[in-house]
Amino acid sequence: MASPANTIRQWLDERFPLDDIKALAQKKKVPVHRYSYWYFLGGMTLFLFGVQVLTGALLLMYYRPGADEAFESVQFIMTQVQFGWLIRSVHSWSANLLVFMAFAHLFSVLFLKSYRKPRELTWVSGVLLLFLMLGFGFSGYLLPWNTLSYFATKVGTEIPAQIPIIGRPVLLFLRGGEDITGSTLTRLYGFHVAILPAVATLLIGVHLALIQWFGMSVPPGVEAEWQARPEGKREIRFFPNFVLRELMAWYVALGLLGALAALFPWSLGVKADPFASAPAGIKPEWYFLSMFQTLKLIPAKLLGMDGEMLGILAFGVIGGAALLLPFLDREKPFNTRRWIPGLACVFLGYMTVMTVYGWVAK
Amino acid sequence: MSTASGVNATAPQSAPANLPRRRFVNILLGTGLLASAASFLYPILRYLVPPKLPDLGGDAVLAARVPEMKPNTAKTFRFGTRPGLLVQTASGEYRAMSATCTHLGCTVQYRPDLREIWCACHNGMYDLNGRNISGPPPRPLEAFEVQVRGDDIFVRRKQEA
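Since this is a predicted model, take the numbers as computed values, not measurements. (Residues numbered from 1 in each chain as written. Chains lettered and ligands numbered in written order. Predicted model: local features only at pLDDT ≥ 70, side-chain atom pairs only at ≥ 80, totals over all residues. Heavy atoms only, no water.)

S.K.: How should I be thinking about the packing of helix α12 (residues 286-297) of chain A against helix α13 (residues 307-323) of chain A in this particular structure?
M.R.: Each pair of packed helices can be described by the angle between their axes along with the distance between the axes. Residues and elements named next belong to chain A. Orientation of α12 relative to α13, taken along the N-to-C sense of each, is 150 degrees, at an axis distance of 9 Å. Viewed along their axes, α12 and α13 adopt a mutual orientation that is roughly antiparallel. Considering only the axes of α12 and α13, their crossing is right-handed. From α12, Met 291, Thr 294 and Leu 295 reach across to α13, where they touch Glu 308, Gly 311, Ile 312 and Phe 315. Its residues assigned to classes, the contact of α12 with α13 comprises 4 nonpolar, 2 polar and 1 charged. (Axes fitted to C-alpha atoms, helices over the stretch in contact; angles between N-to-C directions. Helix = DSSP H or I, 4+ residues; strand = E, 2+ residues; numbered from the N terminus. Parallel < 35°, antiparallel > 145°, perpendicular 65-115°, else oblique. Left-handed = near helix turned anticlockwise from the far one by under 90°. Contact = heavy atoms within 4.5 Å. Nonpolar A, V, L, I, M, F, W, Y, C, P; charged D, E, K, R; others polar.)

Have a look at this one:
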């Protein structure tokens with residue numbers, strides 16, 4: 001019996017290596033052990049990214065970039081368009097949860113040492129994706145063109161300007177001129193909806209292909225246990241068993257997002273006025289707060305160097321170290337010494353304390 | 001599924017009786033999922049419907065002033081969100097109508113040489129009452145009411161009797 005589905009299947013079979021693709025999809029097994037829950041975070045980050053793409057595309061239907069129109073168009077979305085408030089609130093909430101999830105995913109991978117051979121490049125692509133997500137956050141923040149976002153962008157673009165030699169060109173590139181104007185808005189809009197999504201799509205493709213190729217990493221401790229006691233080893237198939245569990249988590253997350261957006265809708269604030277003074281207590285988004293607070297606390301002169309410069313230099317070193325972490329960890333076997341998890345703990349603690357401090361500080 | 005095998009292991013004799021129960025659970029889960037999917041999709045569909053912009057067509061619009069019009073000329077004016085056409089006929093009468101061609105929506109114009117209203121896109125012709133007389137337009141242009149108050153020429157949508 002040649003059902004229509006079979007005919008299509010056969011047509012495709014004659015042209016594409018479907019069985020190879022299927023084999024790759026079915027190859028992956030998900031290890032089951034006491035840390036298995038951490039495997040959900042990457043998928044959750046991916047889900048939130050999907051929510052961002054969908055709600056972002058919806059917002060594009062009504063949003064207009066431009067100093068005279070941006071604020072009004074977001075206001076229009078929130079007050080005139082049916083469910084516009086919901087779509088925008090979900091976009092904002094999901095953006096924040098996405099950054100949080102990406103950080104949680106990074107630290108879980110770090111503590112489980114999943115970055116070790118052969119998964120170095122999976123880690124590198126992941127860290128680059130986290131930087132991209134921060135770029136999305138920064139560029140998207142200005143788009144409603146309100147006072148908060150205006151000054152946050154002003155300060156945010158001033159920071160790289162402190163770097164010697166390339167600082168000024170970077171500032172001009174980011175702002176599309178000397179000051180934050182309508183040109184900055186169209187520029188960041190272009191980054192937010194075209195350039196960053198294109199790069200992110202590519203990187204996510206690479207990241208996922210690598211994960212599919214190498215399979216899930218088993219933490220060194222569990223690996224050692226399984227070697228000592230092979231009968232204790234447990235695995236489930238990625239497809240469909242793990243995917244179904246992950247879908248359930250996504251379903252709950254979607255419900256949670258809807259609830260957050262409905263109960264705590266994102267406010268729009270006041271339209272940006274380039275000639276007004278910065279309001280008191282101005283702060284960036286929470287994921288930039290630890291950096292913001294650090295720069296606030298660094299004395300103007302430190303070790304004979306400009307304090308600001310030193311701080312920015314430190315951020316660069318930390319970012320670079322995060323990117324190249326798999327190549328810094330040369331311990332074998334991997335669970336003997338713990339200097340990397342230890343350092344990561346200190347760093348995580350510092351970030352948390354500074355974020356909270358930045359949050360409560362005047 | 002562990003739950004199904006668990007049920008079967010404890011009560012193997014009730015396997016046929018389990019079938020309706022499993023179907024009941026499936027229906028319950030399925031409708032729940034469908035309902036929640038609908039609740040996610042509904043706001044999106046509603047969001048995609050553009051909100052109605054305030055239409056000023058109900059009120060009188062100042063279309064032109066008497067000194068700027070001459071016999072056998074016309075002027076397009078804003079009528080709400082769409083263009084309207086105000087014609088002064090050769091005999092001096094004012095006529096006003098929608099300037100949106102009923103064929104494919106181009107903006108029509110007055111042809112003083114023909115004393116008719118012409119659509120440049122597909123050569124549609126209307127007479128000075130807006131009636132479609134030749135070419136592809138399927139319906140007449142919507143005619144408006146003209147009121148001259150002093151030097152101002154106001155146009156409003158014809159009131160339904």
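S.K.: Explain the interface of chain A and chain B to me, please; I cannot follow it from the model alone.
M.R.: In many reports, interface size means the accessible area that the parts give up when they come together. Taken together, the contact between chain A and chain B spans 16 residues of the former and 13 residues of the latter. A combined buried area of about 1300 Å² lies between chain A and chain B, and 73% of that area is made up of carbon and sulfur atoms. On inspection of chain A and its partner chain B, the count reaches 0 salt bridges. Inspection of the chain A/chain B interface yields 5 residue pairs in polar contact (both at pLDDT 80 or more). Among the secondary structure elements, those contributing two or more residues to the side of chain A that touches chain B are α3 (40-60), α4 (70-79), α5 (84-111) and α11 (238-263) of chain A. (Buried area = accessible area lost by both parts, 1.4 Å probe. Salt bridge = Lys/Arg side-chain N within 4 Å of Asp/Glu carboxyl O. Polar contact = N/O pair within 3.5 Å; in protein donor to acceptor, adjacent residues only side chain to side chain.)

S.K.: What's the story with unusual backbone geometry in this structure? I'm lost.
M.R.: Most peptide bonds adopt trans geometry, and most residues besides glycine take a negative phi value. Residues and elements named next belong to chain A. Look at the link from Lys 117 to Pro 118: it is a cis peptide, with omega at 10 degrees. With respect to the helices and strands, Pro 118 occurs in the loop between α5 and α6 (120-142). The backbone of Phe 83 shows a phi angle near 65 degrees, a positive value even though the residue is not glycine. Within the secondary structure, Phe 83 sits in the loop between α4 and α5. The backbone of Ile 165 shows a phi angle near 65 degrees, a positive value even though the residue is not glycine.

S.K.: Before we go on, may I ask you to explain the pattern of salt bridges in this structure?
M.R.: Where side chains of opposite charge bring their charged atoms close, a pairing between them can arise. Within the structure shown, the criterion is met by 17 salt bridges over all chains. For Asp152(B), the salt bridge goes to Arg65(B), with nearest N and O atoms at 2.5 Å. Linking Asp152(B) in strand β10 (residues 152-157) with Arg65(B) in strand β1 (residues 61-65), this pair joins segments that are 87 residues apart in sequence. When the shortest N-O distance is used, the salt bridge between Glu68(B) and Lys75(B) registers 3.8 Å. Linked by salt bridges that have partners in common, Arg9(A), Asp13(A) and Asp19(A) make up one network.

S.K.: Can you walk me through the nonpolar core in this structure?
M.R.: Where a protein is soluble and globular, its nonpolar side chains tend to be buried together. Among the nonpolar cores identified, the biggest contains 47 residues, and Phe49(A), Tyr63(A), Trp145(A), Leu185(A) and Tyr47(B) are the most heavily contacted of them. Per-element accounting of this core gives the leading share, 8 residues, to helix α9 (residues 182-214) of chain A. Leave out the neighbours within four places in its chain, and Trp145(A) touches Ala67(A), Ala70(A), Phe71(A), Tyr150(A), Ile180(A), Thr181(A), Gly182(A), Leu185(A), Lys271(A) and Ala272(A). In this structure, Val99(A), Ala102(A), Val127(A) and Phe288(A) belong to the second largest nonpolar core, which totals 19 residues. (Core = buried A, V, L, I, M, F, W, Y, C linked by side-chain atoms within 4.5 Å. Buried < 20%, exposed > 50% of the residue type's maximum accessible area, 1.4 Å probe, protein only.)

S.K.: Even after reading the chapter, I still don't get the sheet that holds β1(B), so can you show me in this structure?
M.R.: By definition, the strands of a sheet pair up through backbone hydrogen bonds, in either a parallel or an antiparallel sense. All names here are of chain B. Taking strand neighbours across the sheet as the criterion, the 6 strands line up as β1-β10-β9-β4-β3-β2 in an open arrangement whose pairing is antiparallel. Where the open sheet ends on each side, the last strands, each with one partner, are β1 and β2 (73-79). When the angles between neighbouring strand axes are averaged without regard to direction, this sheet yields 30 degrees. Examined bridge by bridge, β1 and β10 share 4 bridges and lie antiparallel to one another. Its bridge partner being in β10, Arg 65 is matched across the sheet by Asp 152. (Pairing = 2+ DSSP bridges.)

The analysis is restricted to geometry; functional conclusions fall outside its scope.
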